[in-house]
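Listed here are the chains, written in short residue letters.
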Amino acid sequence: MEEQLKKIIENSDLRGEEAKEFLAILPFIKKKDDLFNLLAFLEAHPEWVLKLYRNYKIKQIYFSTQDEKGLQKIFKDEAKELQDIAKDEANAN
C-alpha cells in the first residue's frame, strides 16, 4: 500500500523536496484503514496530492503561529471540498 501511495505522489505535480516531505509524513498514519482510504481517494483524485500538501504546509504555519481562526477555516474549507466530491460521486452513480 505504501508503495502505491509513493507512486501516486511521485507522479503528482509535487517535485523534489515537496514530494520527499509529503512522503515523510505518511508513516505518521498509523491505521491501515486510514492508509487504505487515502490510497483509494488519491487513486480516484490524484490532483489532491498537491492540494493536500499545500494544506499541510498552511496548517504548519497556522499551528506554529497558533492561528485558531486560520486552522478552523482550512479545516472547514477542506471538509466542504471533500463533501462536494462525495456529492458529485453520488450523483454520478
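Peer 1: Could you give me a rundown of the packing of aromatic side chains, with the residues and numbers involved?
Peer 2: Under the criterion given, the structure shown has three aromatic pairs. Arranged with centres 6.3 Å apart and planes meeting at 70°, the rings of Phe22 and Tyr53 form a pair that is edge-to-face. With Phe22 in helix H2 (residues 17-25) and Tyr53 in helix H4 (residues 48-64), this residue pair connects regions lying 31 residues apart in the sequence. Residues Phe22 and Tyr53 agree in their burial class; the two are buried. Seen in terms of ring centroids, Phe41 and Trp48 are 5.4 Å apart; in terms of plane orientation they differ by 80°. Their pairing is edge-to-face. Exposure remark for Trp48: the relative accessible area of 4% places this residue in the buried category. In this structure an aromatic cluster arises from ring pairing among Phe22, Tyr53 and Tyr56. Over the face of the ring belonging to Trp48 we find Lys51, whose NZ or CZ atom lies 5.5 Å from the ring centre.

Peer 1: Can you tell me about the nonpolar core, naming the residues and giving the values?
Peer 2: Counting 17 residues, the largest nonpolar core has Leu5, Ile9, Leu14, Phe22, Leu42 and Val49 as its most contacted members. Counting residues per element, the ones that place at least two in this core are helix H1 (2-10), H2, helix H3 (32-44) and H4. Element by element, the count of residues in this core is highest for H3, at five residues. In this structure Leu42 touches Leu5, Ile8, Trp48, Val49 and Leu52, once residues within four positions along its chain are discounted.

Peer 1: Can you explain the pattern of salt bridges? Please cite residues and give values.
Peer 2: A full pass over the atoms with the stated rule returns eight salt bridges. Between Glu2 and Lys32 there is a salt bridge whose closest N-O contact spans 3.2 Å. With a gap of 30 residues between them, Glu2 in helix H1 and Lys32 in helix H3 connect regions that are remote in the sequence. As a salt-bridge pair, Lys20 and Glu17 come within 3.7 Å of each other at their nearest N and O atoms. Highlighted residues: Lys20 and Glu17, both in helix H2, separated by three residues, approximately one helical turn. In this structure, Lys20 and Glu17 share a single accessibility class: exposed.

Scoring rules and cut-offs
Residues numbered from 1 in each chain as written. Predicted model: local features only at pLDDT ≥ 70, side-chain atom pairs only at ≥ 80, totals over all residues. Heavy atoms only, no water. Phe/Tyr/Trp six-rings, centres within 6.5 Å; stacked < 30°, edge-to-face > 60°. Helix = DSSP H or I, 4+ residues; strand = E, 2+ residues; numbered from the N terminus. Buried < 20%, exposed > 50% of the residue type's maximum accessible area, 1.4 Å probe, protein only. Lys NZ or Arg CZ within 6 Å of the ring centre and 35° of its normal. Core = buried A, V, L, I, M, F, W, Y, C linked by side-chain atoms within 4.5 Å. Contact = heavy atoms within 4.5 Å. Salt bridge = Lys/Arg side-chain N within 4 Å of Asp/Glu carboxyl O.

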